[in-house]
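# An overview of the molecular structure
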Amino acid sequence: MTEVDIVVIGAGLAGLGAAAALRAAGTRALVLEAAPRIGGRAHTLHPAALGGAWFDAGAVWLHSAERNPLVPIAEAAGDTLLRSDELRQERTFVGTRPATAAEQAAYDTAWDRFAAAAAPLLAPGQPDVPLAEVARRIPDDPWAVTVETWEGPVICAVDADAFSLRDWHRNQLTGSNLVPEGGIGAFVARRLGTGLDIRLGTPATRIAWGGTGGRVAVTTPSGTVTAGAAIVTVSTGVLAAGAIEFAPALPASVQGCVAGLPMGLALKVVLRATGPDRLDLPSHCSLDRRIGRSGEPAMMFQCWPFGRDYVQGWVGGTPAWELARAGEGAAADFARAELRRLFGGRVDALFAGPPALVTHWDADPLIRGAYAYARPGAADARVRLGEPLSDGHLLFAGEACHDGLAGTLAGAWISGQRAAALALTATGAGR
Ligand SMILES: Cc1cc2nc3c(=O)[nH]c(=O)nc-3n(C[C@H](O)[C@H](O)[C@H](O)COP(=O)(O)OP(=O)(O)OC[C@H]3O[C@@H](n4cnc5c(N)ncnc54)[C@H](O)[C@@H]3O)c2cc1C
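Residues numbered from 1 in each chain as written. Predicted model: local features only at pLDDT ≥ 70, side-chain atom pairs only at ≥ 80, totals over all residues. Heavy atoms only, no water.

## Topic: the overall build of the protein
Counting its secondary structure elements, the protein contains 15 helices and 19 strands. Reported as C-alpha extents along the three principal axes, the dimensions of the protein are approximately 70 × 50 × 40 Å. Residue burial in the protein is summarised as follows: out of 431 residues, 56% are buried. Put simply, of all contacts in the protein between residues at least 6 apart along the chain, 75% involve residues at least 24 apart. Placing the 37 positive and 42 negative side-chain charges of the protein at their respective mean positions leaves the two points 3 Å apart. (Helix = DSSP H or I, 4+ residues; strand = E, 2+ residues; numbered from the N terminus. Buried < 20%, exposed > 50% of the residue type's maximum accessible area, 1.4 Å probe, protein only. Contact = heavy atoms within 4.5 Å. Lys, Arg positive; Asp, Glu negative; His and termini not counted. Charge placed at Lys NZ, Arg CZ, Asp CG, Glu CD.)

See the structure below:
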């Protein structure tokens, strides 16, 4: 039996953010993490398939850098932040050929037309509709479903017809995207866990809440932790799977929030070049193609990121779940087929070497997807899931609970810090 002021479940960005705030307040806080490492969906690998180069299996960018609280932490520590947007070049194909200058100009302005078509649907009093409704309003715009594909499956990991337009609108990313040199997971492991009391390999299996004075008791395989409050930061996928038993059961309103915020899936497929061919693409090049219809399975690529010798395909939503079920070979074949339609047979010679690297967040029982999206009509569930239970003695935090930076490291961190402030108020712990 361990007794602390506040117990935090999960050492992803939300749990680390909460623990940092609790430590700053002088509280006895303990973080229970089921995995053998911290970071959750921030995880840098050095796979042999990429010759040992660093590769982030989950998060890559510090999005919305100008309002991202992790940026000043990295800067203060002297870490190098690569300015991805300034280095990036873009190439777009129409069918099997590069877009003409006129097509490219039409594509460049399509994002504004998409936003303009969305505006009346977002007016106060309008029902929350699927994101797919926007492109339906501009059927003659040849680029509308390409924008939709980026905004739905590619960026938010969900099909446009299953995704709340309000949720999309509230959580649009703005400003710059920075990449910590050496990987974001490495940055998190290096900078955000120090000085915290974290028990790795220690899953919470049961949380008894609502005890005397609001006390909680968290069961783990290595004993029970009692505390004045618990902050639960596991994904909505883990909550929905019932991996943690709550006693008493969570109120129906909370279960409704979890159901309204399911996990989407983004799958990365990485192919390493075996020869000098670079497909006539510049270094650090974003590659996409015009999408013909809503829901068309499509993969967008980052080619030769920061000068490295591989391309990384990104697919989200239903095609990602289907490829994950079909297996790594199917995902790699899909990536090759997408590239072959643009570059022909040279793709097969170029990527004939090591097997592709495919990420599998769906199969990780501690995560169960990429990040949460709101179903149409459920955009408010993010805020409601973050509301305190038991007068602030039981709190949920994580990327799913942030409204504005949902689905990001920054959103998770901020939501953890907010939960910590609420727990401190509820328990009176700290200085
Ligand atoms: C492929 C992919 C790409 C992404 N790209 C970006 C990006 O470029 N930029 C960005 O900002 N965000 C990105 N994200 C999203 C970002 O990674 C997440 O929003 C963020 O990491 C979520 O943090 P969290 O703390 O809410 O949850 P998690 O990271 O899931 O942390 C929860 C922790 O709880 C642990 N846990 C689970 N069950 C238990 C239990 N029973 N007991 C104890 N511990 C438990 C888990 O192991 C995990 O460590 C990406 C995510 C993915 C998957």
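## Notes on the side chain of E151
Positionally, E151 belongs in helix α6 (residues 144-156). No salt bridge is formed by the buried E151; its nearest oppositely charged neighbour, R88, is found at 11 Å. Within the structure, E151 has its side chain in polar contact with the side chain of W168 (distance 2.7 Å). Leave out the neighbours within four places in its chain, and E151 touches W111, L131, C156, F163, W168 and Q172. (Salt bridge = Lys/Arg side-chain N within 4 Å of Asp/Glu carboxyl O. Polar contact = N/O pair within 3.5 Å; in protein donor to acceptor, adjacent residues only side chain to side chain.)

## Quick look at the domain arrangement of the protein
How big an interface is tends to be reported as the loss of accessible area on association of its parts. Segmenting the protein into domains produces domain 1 (2-39 + 192-262 + 373-427) and domain 2 (85-174 + 264-363). Distance from the C-alpha centre of domain 1 to the C-alpha centre of domain 2: 33 Å. Contacts between the two partners involve 17 residues from domain 1, matched on the other side by 15 residues from domain 2. The junction of domain 1 with domain 2 conceals about 1,100 Å² of combined surface from both sides, 51% of it contributed by carbon and sulfur atoms. A per-residue breakdown of the area domain 1 buries against domain 2 is headed by Y373, P376 and A379, which together make up 45% of the total. Along the contact surface separating domain 1 from domain 2 lie three salt bridges. Taking the shortest distance from any N to any O, the salt bridge between R382 and D167 comes out at 2.7 Å. (Domains from an automatic or database assignment. Buried area = accessible area lost by both parts, 1.4 Å probe.)

## Remarks on the sheet that holds strand β14 (residues 266-272)
A sheet is described by the order of its strands in space; here seven strands give the open sequence β7-β6-β15-β16-β17-β14-β18, paired in mixed fashion. Each having just a single partner strand, β7 (97-98) and β18 (357-358) make up the two edges of the open sheet. Where strand β15 (residues 285-289) meets strand β16 (residues 300-303), three bridges bridge the pair, whose relative direction is antiparallel. Along β16, the bridge assignment pairs C285 with C303. Along the sheet, helix α4 (residues 101-118) makes contact with β6 (89-94), β7 and β15, crossing β6 at roughly 110 degrees. (Pairing = 2+ DSSP bridges. Axes fitted to C-alpha atoms, helices over the stretch in contact; angles between N-to-C directions.)

## Remarks on helix α8 (residues 184-191)
Because each turn of an α-helix spans 3.6 residues, side chains separated by three or four positions end up pointing in the same direction. When we look at burial in α8, the residues that qualify are I184, G185, F187 and V188. Take α8 and look down its axis: the buried residues cluster within an arc of 160 degrees, on one side only. (Arc of directions from axis to C-beta.)

## Some thoughts on the site of the ligand
Inspection of the region around the ligand gives 39 residues, with A14, E33, R41, W61 and L409 positioned closest. At 2.9 Å, a side-chain N or O of R41 approaches an oxygen atom of the ligand. At 3.0 Å from an oxygen atom of the ligand is found a main-chain nitrogen or oxygen belonging to V60. For the ligand, whose unbound accessible area comes to 1,000 Å², protein coverage reaches 98%. Elements with a contribution of two residues or more to the shell around the ligand: α1 (13-24) and α15 (409-427). Among the residues forming the shell around the ligand, the class breakdown is 24 nonpolar, 11 polar and four charged. Inspection of the shell around the ligand shows a minimum of three residues originating in each of domain 1 (2-39 + 192-262 + 373-427) and domain 2 (85-174 + 264-363). (Near = heavy atom within 4 Å. Areas by Shrake-Rupley, 256 points an atom, 1.4 Å probe, with all protein chains shown as cover. Nonpolar A, V, L, I, M, F, W, Y, C, P; charged D, E, K, R; others polar.)

## Some remarks on the environment of A324
Tracing the backbone through its elements, the reader meets A324 in helix α11 (residues 318-326). A324 gets classed as buried once you look at its relative accessible area, which sits at 13%. Residues A324 and D362, spaced 38 residues apart in sequence, show a C-alpha to C-alpha distance of 7.5 Å. If near-sequence neighbours (up to four positions away) are discounted, A324 is found in contact with L265, L267 and D362.

## Re the environment of A18
Structurally, A18 can be placed in helix α1. Residue classification places A18 among the buried residues on the basis of a relative accessible area of 0%. Once residues lying within four places of it in the same chain are set aside, the contact partners of A18 are V8, I231, G416, Q417 and A420.

## Overview of the packing of aromatic side chains
Counted according to the given criterion, the structure contains seven aromatic pairs. Taken together, a centroid distance of 4.4 Å and an interplanar angle of 15 degrees make the contact between Y107 and W143 stacked. Of this pair, Y107 sits in helix α4 while W143 sits in the loop between α5 (132-137) and α6, and the two are 36 residues apart along the sequence. One exposure class covers both Y107 and W143, and it is buried. Ring pairs connect the aromatic residues Y107, W111 and W143, which therefore count as one cluster. (Phe/Tyr/Trp six-rings, centres within 6.5 Å; stacked < 30°, edge-to-face > 60°.)

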